[in-house]
Amino acid sequence: MNLRELVSALNDFASPALAESWDNVGLLVEPSPPHTVNTLFLTNDLTEEVMEEAVQKKADLVLSYHPPIFTPLKRVTWKTWKERLVVRALENRIGIYSPHTAYDAIPHGVNNWLTKGLGACTSVPLHPSTAPSSPAEGTHRVEFCADAEHLDAVLSKIKDIPEISCLTTLPARVEGEEQTRVSLNCSQKALLEVVALLSQNSLLHHKTEILLLQKPLLPHTGMGRLCTLSEPVSLSGVIERIKGHLQLPHVRVALGAGRTLESPVKKAALCAGSGSSVLKGTEADLYLTGEMSHHDVLDAVANGISVILCEHSNTERGFLSELRDALAIHLQNKINIVVSEKDRDPLQVA
């Protein structure tokens, strides 16, 4: 499968536009074209050990959930391990693609997989995603009516304002008079200039309507999940379920104020990876994530919310097996898909 065709298919599986604005997703390393991909190699973290495994397994593209290139590289040498990853990739004609938070957001992604550890439940995103593309441009729509005497002068001045789009005019009849209805889309910044311009003419100003344009929310898509269990389960029961789902011998637990291991859990808020910012302020019996800061744990506990921490990538890595099967269907079994055996969380309980 041609690399560009594969990248297009991967982008269809999870649009990079769903990723957080701070993230670095998509194709990060591209061998010189043409580049054919016969083997796609899946990993949660691309370490040097994992890269060596990818080379040995003759991978043509590595899909690394976490982007190995995040902060900009000023040089590509043999000095640092992340630079060496790029060198090794290019020397062996291996591309690198990272989806990261795009996979967090999608309905068939990492957070959805993590909810399965709770047992039977329903879930909704904590922070729903909006449609990445929409027919409407700008943040606001402004509509007003003008008579022939003022129309040309007003339109001339409006066209000089930057960040104006979708400017249209239609005949209109207002209070028995023939006028023109003007509609335009604009940015927040341009809105101030448009309103200032229309305010100079009281007749225009009083006939002006301003609408806030909002992109539609995508169903079941977004960051984090708020899960409602079908039946309440004791905290100790949830702990065992999570350990089984993530195949972990141990997790870290903080009991919420007034709670015990036998306290019932009905609502659980979760976020794969580092969940502090996503979970903060959510009302629930339990927070489930990989890692949280000490003070965020204290805040949750003080509010009577218990916390289960599993270490960052332990809440993500198990998704790779499910991803392999989903991508095999999505890509119509056109390529070989391999999951890393060397990929593991760097923290272990000693």
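Residues numbered from 1 in each chain as written. Predicted model: local features only at pLDDT ≥ 70, side-chain atom pairs only at ≥ 80, totals over all residues. Heavy atoms only, no water.

Within an unreviewed UniProt entry, the label attached to the protein chain reads NIF3-like protein 1, and the organism entered is Daphoenositta chrysoptera. In UniProt, the protein chain has this text filed under Function (unreviewed entry): "May function as a transcriptional corepressor through its interaction with COPS2, negatively regulating the expression of genes involved in neuronal differentiation." If you open the UniProt record of the protein chain and go to Subunit (unreviewed entry), you find "Homodimer. Interacts with COPS2. Interacts with THOC7." (UniProt positions renumbered as here; feature names shortened; annotations may be inferred.)

Draft legend 1. The arrangement of the pairing of strand β7 (residues 164-174) in detail. As defined by bridge partners, β7 adjoins strand β8 (residues 177-186) across 9 bridges and the pair is classed as antiparallel. In the strand pairing of β8, S165 is matched with N185. The hairpin turn running from β7 into β8, its antiparallel successor, is 2 residues long, and E175 in that turn takes a positive phi close to 50°. (Pairing = 2+ DSSP bridges. Helix = DSSP H or I, 4+ residues; strand = E, 2+ residues; numbered from the N terminus.)

Draft legend 2. Spatial organisation of the side chain of T282. Relative to the helices and strands, T282 resides in the loop between α10 (276-279) and β13 (286-291). Note on T282: relative accessible area 15%, which makes it buried. What T282 contacts, discounting residues up to four positions off in sequence, is L126, L226, A269, Y287 and I305. (Buried < 20%, exposed > 50% of the residue type's maximum accessible area, 1.4 Å probe, protein only. Contact = heavy atoms within 4.5 Å.)

Draft legend 3. Expanded view of the UniProt feature "binding site: a divalent metal cation" (unreviewed entry) in the protein chain. Per the UniProt annotation, the sites labelled "binding site: a divalent metal cation" (unreviewed entry) are H66, D104, H312 and E316. The named residues occupy 251 residues along the chain; their greatest pairwise C-alpha distance, 13.4 Å, places them in one compact cluster. Within the secondary structure, H66 is located in the loop between β3 (61-64) and α3 (81-91). Once you skip the residues sitting within four places of it in the chain, H66 turns out to touch N44, D45, S98, H100, H312 and E316. Take E316: it is sitting in the loop between β14 (306-309) and α12 (319-330). Residue E316 is classed as buried on the basis of its relative accessible area, which comes to 2%. Every residue in contact with E316, bar those within four places of it in the chain, is listed here: N44, Y65, H66, V110, W113, A272 and G273.

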